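These are the residues of each chain, in order.
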Amino acid sequence: MSDKPEYAKGLEGVIANESCLSDVQGQEGVLRYLGFNIQDLVEQCTFEEVMYLLHRRQLPTQGQLEVFTKNLRSHRHLPQGVIDFLKSAPKDASPMDVLRTGVSMLGLYDQRGGDQDRSLNESRAMAICATMPMMVAHFHRSRQGLELMPVRDDLSEAAHFLYLMSGKVPGEEATRTLDAAYTLHADHGMNASTFSARVTVATLSDLYSSITSAIGTLKGPLHGGANEGVIHMLQEIGSLDAVDAYIEDALANKKKIMGIGHRVYKVLDPRAPFLRKMAIKLTKELGESKWIDMSERIAHLMKERKDLNANVDFYSATVYYSLGIPTDLFTPIFAIARAAGWTAQVLEQLDDNRLYRPLTLYTGPTTDQPIKPIGERV
Ligand SMILES: CC(C)(COP(=O)(O)OP(=O)(O)OC[C@H]1O[C@@H](n2cnc3c(N)ncnc32)[C@H](O)[C@@H]1OP(=O)(O)O)[C@@H](O)C(=O)NCCC(=O)NCCS
């Protein structure tokens, strides 16, 4: 055996830590949180129960859920400085940039931000999860010149976000749909943003910095940004009869189709079928089947031509679009849901911490290079 460390570009296939939170079985297309199948969780549990599961490592009893929910809702307040920032941020700023800055700002108001006491960190985790939806919704209202809605403590996470954003208490179906999308996005093994969060906190930096890193990482179009890319792509294609030519052209030019393919799942992403079902139902109710018809055709062609499957972002885009959510809030919604997993993962990291410090395969000169005086360099 060679004594040279193995090189895996992008850390593909490398195991970097241990976690009991989410089990991503890429070959079988199975996802479990703490041993509970995602298909069962999405059908039988609320997002708050799933949050409890990720944070307390068991499903709650009714009493435990009530205490947990009350605690979570008690954190629905933002420092005035953050509210002022949300109101004064440029109206055309990316909501992901606003969210990233807002979470970073939270750290300014925590006098003991660097203290890694576990119970303090648990409370910070709840505060981050409870306030991220507020930041997104408040910024969205503020950029439209609308008054911010007063927070309420009688609405679930999904209903409260929709209410803060639209000013109206949502119906049961919209709430249930967003709640399910939250559950499906809550955690997903060592994805890029979770890895960022763990790398940051492993230096014994603080929770706010860690979640700020994660938000910056999720933003990219190869990760959470893909859901926005799906809608932009559907809009660019325009109609069902233009799909085939678009896909042919994209494949010929090695252009990536957003919402298709996955680094770990080589079969169907287990989160996709539920979202697909919701997308079909919602578009039917709206009487506008164009988007789902186009999506189905794209998924069919990509399977046929490249043996690639739709991922979680492919159908969530149509679901959010059908709920009337603006496209640039799709990735922030992903972040709101994933905050449950990020915070659970960083607490787990701190419970058994080791600094991440991989190596690089150095490809530059390996001998001392002479330094010419600046005037002689070309
Ligand atoms: C997610 C993603 C980065 C995974 O990439 P990966 O595991 O590194 O897959 P690879 O890039 O090695 O892909 C293998 C082959 O499929 C192709 N491929 C993968 N995803 C593709 C896509 N979305 N559209 C077109 N072709 C794709 C690659 O070009 C490559 O083709 P080749 O063998 O002819 O060169 C990639 O599928 C992608 O960019 N998808 C679109 C963005 C997206 O939806 N991201 C959200 C993920 S949840």
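Placed above this text is the structure.
As the structure is a computational prediction, the values presented were derived from the model and not from experiment.

## Re the site of the ligand
Here is step 1: Around the ligand there are 20 residues in total, and Ile-257, Gly-259, Ile-260, Lys-306 and Asn-311 lie nearest to it.
Here is step 2: One of the side-chain N or O atoms of Arg-263 is found 3.1 Å from an oxygen atom in the ligand.
Here is step 3: Per-class residue counts for the shell around the ligand are eight nonpolar, five polar and seven charged.

## Comments concerning the pattern of salt bridges
Here is step 1: Counted according to the given criterion, the structure contains 22 salt bridges.
Here is step 2: Its salt-bridge partner being Arg-57, residue Asp-351 comes within 3.8 Å of it at the nearest N-O pair. Residue Asp-351 is located in helix 16 (residues 330–351), and its partner Arg-57 is located in the loop between helix 2 (47–56) and helix 3 (62–74); the two are separated by 294 residues in the primary sequence.
Here is step 3: The exposure class of Arg-57 is partly exposed, given its relative accessible area of 36%.
Here is step 4: Across the pair Glu-248 and Arg-305 runs a salt bridge, and its minimum N-O distance is 2.5 Å. Placement of the pair is Glu-248 in helix 12 (residues 243–252) and Arg-305 in helix 14 (residues 290–306), with a sequence separation of 57 residues.
Here is step 5: Overlapping salt bridges bring together Arg-57, Arg-118, Glu-122 and Asp-351 as one network.

## Details of unusual backbone geometry
Here is step 1: Its identity as a non-glycine residue notwithstanding, Leu-11 has a phi of 60 degrees, on the positive side.
Here is step 2: On the secondary structure map, Leu-11 appears in the segment before strand 1 (22–25).
Here is step 3: Located in the positive-phi region is Leu-34, a residue other than glycine, with phi close to 50 degrees.

## With respect to the packing of aromatic side chains
Here is step 1: The final tally for this structure, using the stated rule, is six aromatic pairs.
Here is step 2: Seen in terms of ring centroids, Tyr-52 and Phe-68 are 5.2 Å apart; in terms of plane orientation they differ by 75 degrees. Their pairing is edge-to-face. On the criterion of sequence distance, the pair formed by Tyr-52 in helix 2 and Phe-68 in helix 3 is long-range, its members being 16 residues apart.
Here is step 3: On the basis of relative accessibility, which here comes to 6%, the residue Tyr-52 falls in the buried class.
Here is step 4: When the ring centre of Tyr-163 is taken as reference, the NZ or CZ atom of Arg-152 above it lies at 5.3 Å.
Here is step 5: The ring of Trp-291 has Lys-290 sitting right over it, with the charged end atom 5.0 Å from the ring centre.

## So, the state of the cysteines
Here is step 1: In the structure shown here, the tally under the stated rule is zero disulfides.
Here is step 2: No disulfide involves Cys-20; its sulfur sits 17 Å from that of Cys-129, the nearest cysteine.
Here is step 3: For Cys-20, a relative accessible area of 38% corresponds to the partly exposed category.
Here is step 4: The thiol of Cys-45 is unpaired, and the distance to the nearest cysteine sulfur, on Cys-20, comes to 17 Å.
Here is step 5: On the basis of relative accessibility, which here comes to 11%, the residue Cys-45 falls in the buried class.

Criteria and cut-off values
- Residues numbered from 1 in each chain as written.
- Predicted model: local features only at pLDDT ≥ 70, side-chain atom pairs only at ≥ 80, totals over all residues.
- Heavy atoms only, no water.
- Near = heavy atom within 4 Å.
- Polar contact = N/O pair within 3.5 Å; in protein donor to acceptor, adjacent residues only side chain to side chain.
- Nonpolar A, V, L, I, M, F, W, Y, C, P; charged D, E, K, R; others polar.
- Salt bridge = Lys/Arg side-chain N within 4 Å of Asp/Glu carboxyl O.
- Helix = DSSP H or I, 4+ residues; strand = E, 2+ residues; numbered from the N terminus.
- Buried < 20%, exposed > 50% of the residue type's maximum accessible area, 1.4 Å probe, protein only.
- Phe/Tyr/Trp six-rings, centres within 6.5 Å; stacked < 30°, edge-to-face > 60°.
- Lys NZ or Arg CZ within 6 Å of the ring centre and 35° of its normal.
- Disulfide = S-S within 2.5 Å.

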